[in-house]
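An overview of the molecular structure
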Amino acid sequence: MKNTDRAFPLFSYRLWNKELLFLWKIQGIRSLSAFYASLYALALKKLSVKYLVPVPPRPGKIRKNGWDQIDELCTFLSLRYGFILLKLLERKSDIQQKKLGRQERFQKSSLSYFMKSQGEVEKEIEKSGGSFPERVCLVDDVCTTGATIEACAALLKAHAAIKEVYSMTLFIV
């Protein structure tokens, strides 16, 4: 990946891991959020990463499902483990990535994610002392092609002047 400095998947998306993701993400077994946050926290502390940027959900997802698993995961990471969340990105496209092929994912991802408005970004950056941190970690649940992570990393480097962008996902396909 060109813009992502390092990628850290915690597990492969095989066997029982597929079932666990399904229970959490689709069936809404939210008690798994705390468990997953503990796994992320252990790995993030080893990386010496303090600032997290959650990959934003599709528009309307929270309204439809009542929650977003990445938002809940990041809330646990912030409140329970002391990581600082910087919600700098937003997603404009409601197309589900899982329905796209590899090439389509890269094309659509680069057009789907944006930096939030200047005012919203400034408010978020207050959490890091008023300037962008040098290193952040993107948080998502699954990495299939890396298109989402790469699109988000490119935005953070281009518009936020962040020098290092890591990514951590629960699973890699």
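Residues numbered from 1 in each chain as written. Predicted model: local features only at pLDDT ≥ 70, side-chain atom pairs only at ≥ 80, totals over all residues. Heavy atoms only, no water.

Pairing within the open sheet is parallel, and its five strands lie in the order β1-β7-β6-β2-β3. At either margin of the open sheet sits one strand with a lone partner, and together these are β1 (6–12) and β3 (84–85). When strand β2 (residues 51–54) meets strand β6 (residues 135–143), the two strands line up parallel, connected through three bridges. Residue leucine 52 lies in a different strand from β6, and its bridge partner there is cysteine 137. (Pairing = 2+ DSSP bridges. Helix = DSSP H or I, 4+ residues; strand = E, 2+ residues; numbered from the N terminus.)

In this structure, Leu44, Leu52 and Leu77 are the most contacted members of the largest nonpolar core, which totals 28 residues. Those elements giving two or more residues to this core turn out to be α1 (16–26), α2 (31–47), α4 (69–81), β6 and β7 (164–172). Broken down by element, the residue count for this core peaks at eight residues, all from α2. Beyond its immediate stretch of four places on either side in the chain, leucine 77 contacts Ala37, Tyr40, Ala41, Leu44, Leu52, Gly82 and Phe83. Counting residues in hydrophobic clusters, the runner-up holds 22 residues, among them Tyr51, Val55, Tyr113 and Ile125. (Core = buried A, V, L, I, M, F, W, Y, C linked by side-chain atoms within 4.5 Å. Buried < 20%, exposed > 50% of the residue type's maximum accessible area, 1.4 Å probe, protein only. Contact = heavy atoms within 4.5 Å.)

Geometric values such as these leave the question of function open.
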